[in-house]
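Each chain is listed here by its residues.
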Amino acid sequence: TMKRLIIIPFLCLTINLLADTQTTRIDKNLTIYSDVMRQLDINYVDTLNYDELIKTSINAMLRQVDPYTIYIPESEDDDLRMMTTGKYGGIGAIIMQRDSDVYVSDPYENMPAAENGLLAGDRFISVDGMDCHEKTTKEVSDKLRGKPGTTLKVVVERDGVLITKEIKRRDIHLPAVNYATVLNDSIAYIAFAEFTANSSQEFLITLDQMVQSNNIQRLIIDLRNNGGGLIDEAIKLLGFFLP
């Protein structure tokens, strides 16, 4: 009993000392980092973009630690919202890159893009004054997204004719299950696009409906092009099948 009373406080003290040492090392390195930034500010020949420098250094650090850990600044909050909830403010259309231009690939039914007459194959000429030629899908997508209720001006080219549209953004919700069917009367096929909030429940409802109306013997879960998302939702989905 005496040994326990002696050892436990010693272990706690050791852990506290290790924690203090680690904190000291972090503080020391942060001080060095801050000093380097100050020296750059004083001595560099041109004006520095501090936000970009910090973002670059953080991303480089995370790449070295873990390629699956990313830094999302506040300015990209819409991207985080889409990854975790499947919702974003926009026009509701999949877009794609072809050579030096960006095209409408698939306007969602009953969404602003489709309701305003945009069609698959329309080539983006400009979005709110931004020339879309030689822009990436991300650059065009960032311009299309925005606060629900705001309006943007889109110019597209279709069969050599320029078409101008004023489109009001809405809250767009991407379904986690983007396609489901039964193959050969016994194989359930589910294309699962995103591990977003409540996506596992959406998957279960889809599967239950297929099981109730068909003689399902096997199941294919298609995760191609699934960008990931919330770990909890992935665990819940696995929990439907594994101990």
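Scroll up for the structure.
The sections below set out a description of the structure shown in this document. (Residues numbered from 1 in each chain as written. Predicted model: local features only at pLDDT ≥ 70, side-chain atom pairs only at ≥ 80, totals over all residues. Heavy atoms only, no water.)

### Side note on the packing of helix 6 (residues 199–213) against helix 7 (residues 231–239)
In step 1: At a minimum axis separation of 8 Å, helix 6 and helix 7 run at an interaxial angle of 30°. In terms of axis orientation, helix 6 runs roughly parallel to helix 7. Contacts from Ser199, Ser200 and Phe203 in helix 6 reach Glu233, Lys236 and Leu237 in helix 7.
In step 2: For the contact of helix 6 with helix 7, the residue count by class is 2 nonpolar, 2 polar and 2 charged. (Axes fitted to C-alpha atoms, helices over the stretch in contact; angles between N-to-C directions. Helix = DSSP H or I, 4+ residues; strand = E, 2+ residues; numbered from the N terminus. Parallel < 35°, antiparallel > 145°, perpendicular 65-115°, else oblique. Contact = heavy atoms within 4.5 Å. Nonpolar A, V, L, I, M, F, W, Y, C, P; charged D, E, K, R; others polar.)

### Digging into the pattern of salt bridges
In step 1: Here the structure, examined in full by the defined rule, presents 8 salt bridges.
In step 2: We note a salt bridge from Glu115 to Arg170, for which the minimum N-O separation is 3.0 Å. Here Glu115 is found in helix 4 (residues 112–115), whereas its partner Arg170 is found in strand 8 (residues 170–173), with 55 residues between them in sequence.
In step 3: According to the relative accessible area criterion, Glu115 is partly exposed, its value standing at 49%. (Salt bridge = Lys/Arg side-chain N within 4 Å of Asp/Glu carboxyl O. Buried < 20%, exposed > 50% of the residue type's maximum accessible area, 1.4 Å probe, protein only.)

### Structural notes on the side chain of Thr206
In step 1: The residue Thr206 is located in helix 6 in this model.
In step 2: Of the polar contacts made by the side chain of Thr206, one reaches the backbone oxygen of Glu202; its length is 2.9 Å.
In step 3: With near-sequence residues (within four places) excluded, Thr206 lies in contact with Val177, Ala180 and Ile190. (Polar contact = N/O pair within 3.5 Å; in protein donor to acceptor, adjacent residues only side chain to side chain.)

### Quick look at helix 5 (residues 137–144)
Three- or four-residue spacings in an α-helix give side chains the same orientation, since the helix completes a turn every 3.6 residues.
In step 1: The complete set of buried residues in helix 5 reads Val140, Ser141 and Leu144. All buried residues of helix 5 lie within an arc of 100° about the axis, which places them on one face of the element.
In step 2: On its buried face, helix 5 is in contact with strand 1 (87–90), strand 2 (93–98), strand 3 (101–107), strand 4 (123–127), strand 5 (130–131) and strand 6 (151–158). (Arc of directions from axis to C-beta.)

Remember, this is a structural readout, not a statement about activity or role.
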